[in-house]
Amino acid sequence: MDEIKTSSGRVVGSWNGERARDLMAEIARIKQMLIQEKSSESLDSRSMPHRDQLHQDLLEFKAYHLWGCDRHGECVVGTNANRIESVDKVLSFSLIDHH
């Protein structure tokens, strides 16, 4: 499933898992829409589609928000989903001892 849902389960967007930049743009669009609606709903980085594409070592990653990784090894990270890091960089950070 490509569905992006809010904290209450409402489908507000989608991402096909192909490009991290597309996910970053979609999250920004959804957040703007929620602000305009004055909605109390939020997005949970752990409930984004295509969690199956995350590296095994990142499934329990908690050092910072990890929204998703695309098929090319690029990950959308940060509280505001506004940065893209390579999966290797995220992995090296996760191995420091931030579990």
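If you're wondering where the values come from, they're calculated on a predicted model, not measured in any experiment. (Residues numbered from 1 in each chain as written. Predicted model: local features only at pLDDT ≥ 70, side-chain atom pairs only at ≥ 80, totals over all residues. Heavy atoms only, no water.)

Draft legend 1. Highlighting the pattern of salt bridges. Under the counting rule described, the total for this entry stands at 8 salt bridges. Ionic pairing is found between Glu18 and Arg71, a salt bridge with its closest N-O pair at 2.4 Å. Taken together, the residues span a long stretch of sequence, with Glu18 in the loop between strand E2 (11-14) and helix H1 (20-36) and Arg71 in the loop between strand E3 (66-69) and strand E4 (74-77) at a distance of 53 residues. Its salt-bridge partner being Glu85, residue Lys89 comes within 3.2 Å of it at the nearest N-O pair. By relative accessible area, which is 48% here, Lys89 ends up partly exposed. Residue class for Glu85 comes out buried when judged on its relative accessible area of 12%. Members of the salt-bridge network, linked through shared partners, are Arg10, Glu37 and Glu41. (Salt bridge = Lys/Arg side-chain N within 4 Å of Asp/Glu carboxyl O. Helix = DSSP H or I, 4+ residues; strand = E, 2+ residues; numbered from the N terminus. Buried < 20%, exposed > 50% of the residue type's maximum accessible area, 1.4 Å probe, protein only.)

Draft legend 2. A look at the nonpolar core. If you look at the biggest cluster of nonpolar residues, it comprises 13 residues, and the most contacted ones within it are Ile4, Leu23, Ile27, Leu43, Met48 and Trp67. Setting aside residues no more than four positions away along its own chain, Ile27 makes contact with Leu43, Met48, Trp67 and Ala81. Counting residues in hydrophobic clusters, the runner-up holds 10 residues, among them Leu58, Phe61, Cys69 and Val90. (Core = buried A, V, L, I, M, F, W, Y, C linked by side-chain atoms within 4.5 Å. Contact = heavy atoms within 4.5 Å.)

Draft legend 3. Layout of the packing of aromatic side chains. A full pass over the atoms with the stated rule returns 2 aromatic pairs. Between the aromatic rings of Phe61 and Tyr64, the centroid separation amounts to 5.1 Å while the plane-to-plane angle is 90 degrees, which identifies the pairing as edge-to-face. By relative accessible area, Phe61 is classed as buried at 5%. Tyr64 sits in the partly exposed class, given a relative accessible area of 21%. Considering the side-chain rings of Tyr64 and Phe93, the 5.2 Å spacing of their centres and the 50 degrees angle between planes classify their relative orientation as tilted. Of this pair, Tyr64 sits in the loop between H1 and E3 while Phe93 is found in helix H2 (residues 87-97), placing the two residues 29 residues apart along the sequence. With a relative accessible area of 28%, Phe93 lands in the partly exposed category. An aromatic cluster is built from Phe61, Tyr64 and Phe93, whose rings are joined through pairwise contacts. Here the basic side chain of Arg83 rests over the ring of Tyr64, its NZ or CZ set 5.6 Å away from the ring centre. (Phe/Tyr/Trp six-rings, centres within 6.5 Å; stacked < 30°, edge-to-face > 60°. Lys NZ or Arg CZ within 6 Å of the ring centre and 35° of its normal.)

Draft legend 4. Layout of the state of the cysteines. Counted according to the given criterion, the structure contains 1 disulfide. Here Cys69 engages in a disulfide with Cys75; their sulfurs sit 2.1 Å apart. Across the S-S bond of Cys69 and Cys75 the torsion is about 95 degrees, and the bridge reads as right-handed. For Cys69, a relative accessible area of 2% translates into the label buried. (Disulfide = S-S within 2.5 Å.)

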